[in-house]
Amino acid sequence: MVRRIVTDGIPLNSQKINISENGTVPALHITWKDSRCFTKYTGFKIEDADIVNQSNLEQWFNETEWFIKDMKYLLKLEHHRFWSTILHNSSAMESVISFMQNALPFYLNSVLQTLENERFLLVYSSAHALVFRVCCRITTMQESKWCWMEADFYAKLIYKKFIVTVPFLFDMVSIYGKDNAEEMSRIIEFILKLQPNYTQDIKQGLSYLLNAFVVIQKRCETELIQPSVSEETLNDLALYAQDCCCILMQLVEISPSVRHMSSELNIEFVITNFYENVLTALYRSIQDMNKHSRFLTQLNDMRVGMLDTFRSILIIQLEKILENSDENLLAADKFINILTECLVNSTFVNDYKNVYDIEDDLKIVQLGYKSVEQVKYDFIQKAYAIEKDFSEQRILLNIPTEPLDEFDVKTSNDHSDYVVGQENAAFEQQIELNVQQIKDLLPHLGVEHIRNVVCCCDKVEQAVSILLENNFSETNQSQHDELGEVNIPIDPLDEFYLRTGIDRLNIYDGDELDVMVNDKVKGIIKKGKGMPGQAKTINELLDDKSHIQQVRHIYQQFDLIAENEVDDDEYDDSFEAMAESESRHVKLVKGARNILADEEQDNESESEKDNESEHEQDSNRNVALAFCENPEIARQRYENRLSSKYLRRHGTVASVAKDADVRGKPKGQGQDSKVLLNRKHKNENKAFSGNHNRKQGASYKRNRGMLPS
């Protein structure tokens, strides 16, 4: 088969390949894809995040060699075959992405030094370099004068076909961003310029990264307060934080566009909070558990990197001011607002001041702040000056702290040399400044006396308090000079902050009721409704019979009752006479129930005469007072009334009951033919007579308790 490629200045998306038998085929077509099944990369296992597991290295070595062969084969393909394979052979991109997901990030390259055999390191380095070449070819629009694509077509191709995605870029940054910063910067800026849709995608990726910072911070706040936290948990948190920090630091460092996006998303505030509540807290916890942990050095590197990232984002506002753009005033105002918000995180502010001099920045801000009131500017200038003086005083007086003096020497050599070389001069200058401030407040005191007090105190407030209370004497000073220490009580809040790193203003800080420090506090910690030990539901409250035990001793006094062996007959007779004289009878009044009436018996004849009527009334009374009348009595009375009625009309009863019998015998004993005929006759002729009294009959039965109401 003979073919000819037409490449005279024609882009790849418009090229046609001539085939002698079947005509022409587009250069980007499934026909030209390579059907090779590309090998996926599998990373070697790591133990404790710093040592390579040597057990399966031979298997990894063999698989990586096949992976290297596939990458070399992919790079050797012609331009149209390369892109046809990338588009139509999914295993090609999956192979490249597998390396991005399993390769070591740049901050774990030290793990490679633990490989026992040098050939393992050579194989990994070869795979590392080949994948980067493939990524560069994918992100290149024009390889040569004859191999190129149109910009619009290329932009739609890599975006809609998901060839280059934000996770793909983030993985490239974490693996190649440190050693290939220029090339990574070219790739990101080229893609953002070529396809504007990536701008919104990268912003969403940065937002996701900020959410990861929040998740790490919440987990640290939960894990670090537990006394039984393990070293493995702390190492996992440190590694997770390092991964997120390194991606953000490299993105901001290598890409100016991403740096401006970070400024629009206000990432500065997230950095300061993460620095204060995660990096510093993790460093303190790991140091307390293992002072020789390698994560201490990594956390120091992260702290320096986050300070540089904050500086890179913050300096954008200074650049806008120097450019004299229309956003001059807004940039200056935002710069001041950022520094104001950062004052909440004192550790971050101290470390930032120790690395960068803010005085020059404030002078630049003042250029764009002329038309605005100086209140905010003066506040920031004084606040950061006080913060700086306080930080230097803590360092010079050897007070325990967590500042940049714990950082790697490589990152803070300039500041350390300055502190060591100018220690005495700075200390004397600070003392003179404090003396002058106190002299302005208390002009009636002598300068030497004030200087002696200031030299023995850590803070200006303590010196002022001692001078006002006249608690300082030359004898105390000589004693302190001999002992070499100052006997001034430490503020509980400062001690609590140095011990836990928690800066709070609460009446229970450091108290026996402080649940942030003490595992078992004094008193009851109430959560929700009710008190501990009380019933939570109404059923549980009703089932609780504990109150019976509390009053049982009262009822035990009445268990035994003494009976009188001798009865008082005289008392019994008198009582019976009184009861007989005051007896009452119940009289049933028509239309009413239970009416008590006093009956006076005039003579015995009337009582005998009324015995029969009273007997009838008693029976009626029993019926009326009964809760429910006996149904048998009611049926018997009804049958008697019907029998008497039929007797008056027809003169006989038995024949009627016998001829019209529809009840018959009880169920199960069989029925006579007469009963069955009566039932049939009744069923057939029941429509000839009215049956309109069912409601009245039901009411009658209900009123007498025969039916439920």
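Keep in mind that what you see is a predicted model, and the values were worked out from it rather than measured.

**Structural notes on the overall build of the chain**
- A count of helical and extended segments in the chain gives 31 helices and 7 strands.
- Buried residues in the chain amount to 32% of all 709 residues.
- Taking the contacts inside the chain whose residues are at least 6 apart along the sequence as the reference set, 67% of them involve residues at least 24 apart.
- Summing over all exposed atoms, the chain offers an accessible surface of approximately 45,600 Å²; the carbon and sulfur share of this is 51%.

**Brief notes about the pattern of salt bridges**
- This model, assessed by the stated rule, comprises 11 salt bridges.
- Taking the shortest distance from any N to any O, the salt bridge between Arg-36 and Asp-70 comes out at 2.8 Å. Of this pair, Arg-36 sits in the loop between strand E3 (23-26) and strand E4 (46-47) while Asp-70 sits in helix H1 (residues 57-76), placing them 34 residues apart in sequence.
- We classify Asp-70 as buried; its relative accessible area is 2%.
- In this structure, Glu-58 engages Arg-119 in a salt bridge whose closest nitrogen and oxygen atoms are separated by 2.5 Å.

**Here we look at helix H5 (residues 151-160)**
- Considered for burial, the residues of H5 that qualify are Tyr-154, Ala-155, Leu-157 and Ile-158. Along the long axis of H5, the arc covered by the buried residues comes to 165°, so they all point the same way. Of the exposed residues in H5, the ones pointing more than 90 degrees away from its buried face are Asp-152, Lys-156 and Lys-160.
- Buried positions along H5 lie against helix H2 (79-88), helix H4 (118-138), helix H7 (181-194) and helix H8 (197-223).
- At the C-terminal side of H5, Phe-162 shows a positive phi close to 55°.

**Thoughts on the confidence of the model for the chain**
- Of the residues in the chain, 73% reach a pLDDT of 70 or more, and the chain-wide mean stands at 78.
- Contacts of residues 474-487 to residues separated by more than four positions or lying in other chains number 9 contacts, the stretch itself having pLDDT below 50.

**Digging into the packing of helix H11 (residues 267-289) against helix H14 (residues 346-355)**
- Contact geometry of H11 with H14 gives a least axis separation of 8 Å together with a crossing angle of 105°. Comparing their axes, H14 and H11 come out roughly perpendicular. Residues Thr-272, Tyr-275, Glu-276 and Thr-280 of H11 lie in contact with H14, whose contacting residues are Ser-346, Thr-347, Phe-348 and Asp-351.
- For the contact of H11 with H14, the residue count by class is 2 nonpolar, 4 polar and 2 charged.

**Considerations on the environment of Arg-81**
- In this structure, Arg-81 sits in helix H2.
- Residue classification places Arg-81 among the partly exposed residues on the basis of a relative accessible area of 23%.

**Focus on the state of the cysteines**
- On inspection of all chains with the given rule, the structure shows 0 disulfides.
- The thiol of Cys-244 is not disulfide-bonded; the next cysteine sulfur, from Cys-245, is found 6.9 Å away.

**Points about the packing of helix H3 (residues 90-102) against H4**
- It is at 11 Å that the axes of H3 and H4 come closest, and there the two elements cross at 125°. On the basis of their axis angle, the class for H3 and H4 is oblique. The handedness of the crossing between H3 and H4 comes out as left-handed. Across the interface between the two elements, Met-93, Val-96, Phe-99 and Met-100 from H3 touch Ala-127, His-128, Val-131, Val-134, Cys-135 and Ile-138 from H4.
- Residue classes in the contact of H3 with H4 are distributed as 9 nonpolar, 1 polar and no charged.

**A short note on a nonpolar patch on the surface**
- A cluster of nonpolar side chains, namely Val-551, Ile-554, Tyr-555 and Phe-558, defines an oily patch on the protein surface of about 440 Å² accessible area.
- Note on placement: Tyr-555 falls in helix H24 (residues 546-555).

**Details of the packing of aromatic side chains**
- Under the criterion given, the structure shown has 20 aromatic pairs.
- The interplanar angle of 80° and the centroid separation of 5.7 Å between the aromatic rings of Phe-106 and Tyr-107 together place this pair among those described as edge-to-face. Pair check on accessibility: Phe-106 and Tyr-107 agree, each one buried.
- An angle of 85° between the planes, with centres 5.1 Å apart, marks the rings of Tyr-159 and Tyr-198 as edge-to-face. You can see Tyr-159 sitting in helix H5 and its partner Tyr-198 sitting in helix H8, a full 39 residues away along the chain.
- Tyr-159 gets classed as partly exposed once you look at its relative accessible area, which sits at 23%.
- The ring of Phe-82 carries Arg-137 above its face, with NZ or CZ at 4.1 Å from the centroid.
- Note that Arg-294 overlies the ring of Phe-295, its terminal NZ or CZ placed 4.4 Å from the centroid.

**Side note on unusual backbone geometry**
- Even without being a glycine, Phe-162 presents a positive backbone phi close to 55°.
- You can see Phe-162 is positioned in the loop between H5 and helix H6 (166-176).
- We classify Phe-162 as exposed; its relative accessible area is 64%.
- Positive phi, close to 55°, is recorded for Asn-266, a residue that is not glycine.
- Structurally, Asn-266 can be placed in the loop between helix H10 (256-264) and H11.

**Considerations on the side chain of Ser-84**
- Relative to the elements of secondary structure, Ser-84 occurs in helix H2.
- Residue class for Ser-84 comes out buried when judged on its relative accessible area of 0%.
- A polar atom in the side chain of Ser-84 sits 2.7 Å from the backbone oxygen of His-80.
- Sequence-distant contacts of Ser-84, that is, excluding residues within four places in its chain, are made with Ala-27, Leu-28, His-29, Trp-32, Lys-33 and Asn-89.

**Brief notes about the environment of Thr-39**
- Locating Thr-39 in the fold gives a position in the loop between E3 and E4.
- Residues Thr-39 and Trp-66 lie 27 residues apart in sequence; the distance between their C-alpha atoms is 6.7 Å.

**Topic: the pairing of strand E2 (residues 16-19)**
- Side-chain alternation along E2 places Ile-17 and Ile-19 on a buried face and Lys-16 and Asn-18 on a face that remains uncovered.
- In the sheet, E2 pairs with E3 via 4 bridges, with the strands oriented antiparallel. By the bridge assignment for E3, Ile-19 is matched with Gly-23.

**Observations regarding the side chain of Ser-95**
- With respect to the helices and strands, Ser-95 occurs in helix H3.
- Judged by its relative accessible area of 0%, Ser-95 is buried.
- Here Thr-39 takes part through its backbone oxygen, which lies 2.5 Å from a polar atom of the side chain of Ser-95.
- Non-local contacts of Ser-95, meaning those with residues more than four positions away in its chain, are made with Phe-38, Thr-39, Lys-40, Phe-67 and Met-71.

About the thresholds
- Residues numbered from 1 in each chain as written.
- Predicted model: local features only at pLDDT ≥ 70, side-chain atom pairs only at ≥ 80, totals over all residues.
- Heavy atoms only, no water.
- Helix = DSSP H or I, 4+ residues; strand = E, 2+ residues; numbered from the N terminus.
- Buried < 20%, exposed > 50% of the residue type's maximum accessible area, 1.4 Å probe, protein only.
- Contact = heavy atoms within 4.5 Å.
- Areas by Shrake-Rupley, 256 points an atom, 1.4 Å probe, with all protein chains shown as cover.
- Salt bridge = Lys/Arg side-chain N within 4 Å of Asp/Glu carboxyl O.
- Arc of directions from axis to C-beta.
- pLDDT = per-residue confidence, 0-100.
- Axes fitted to C-alpha atoms, helices over the stretch in contact; angles between N-to-C directions.
- Parallel < 35°, antiparallel > 145°, perpendicular 65-115°, else oblique.
- Nonpolar A, V, L, I, M, F, W, Y, C, P; charged D, E, K, R; others polar.
- Disulfide = S-S within 2.5 Å.
- Left-handed = near helix turned anticlockwise from the far one by under 90°.
- Patch = residues over 30% accessible without salt bridge, like charges linked within 9 Å, V, L, I, M, F, W, Y side chains within 5 Å.
- Phe/Tyr/Trp six-rings, centres within 6.5 Å; stacked < 30°, edge-to-face > 60°.
- Lys NZ or Arg CZ within 6 Å of the ring centre and 35° of its normal.
- Polar contact = N/O pair within 3.5 Å; in protein donor to acceptor, adjacent residues only side chain to side chain.
- Pairing = 2+ DSSP bridges.

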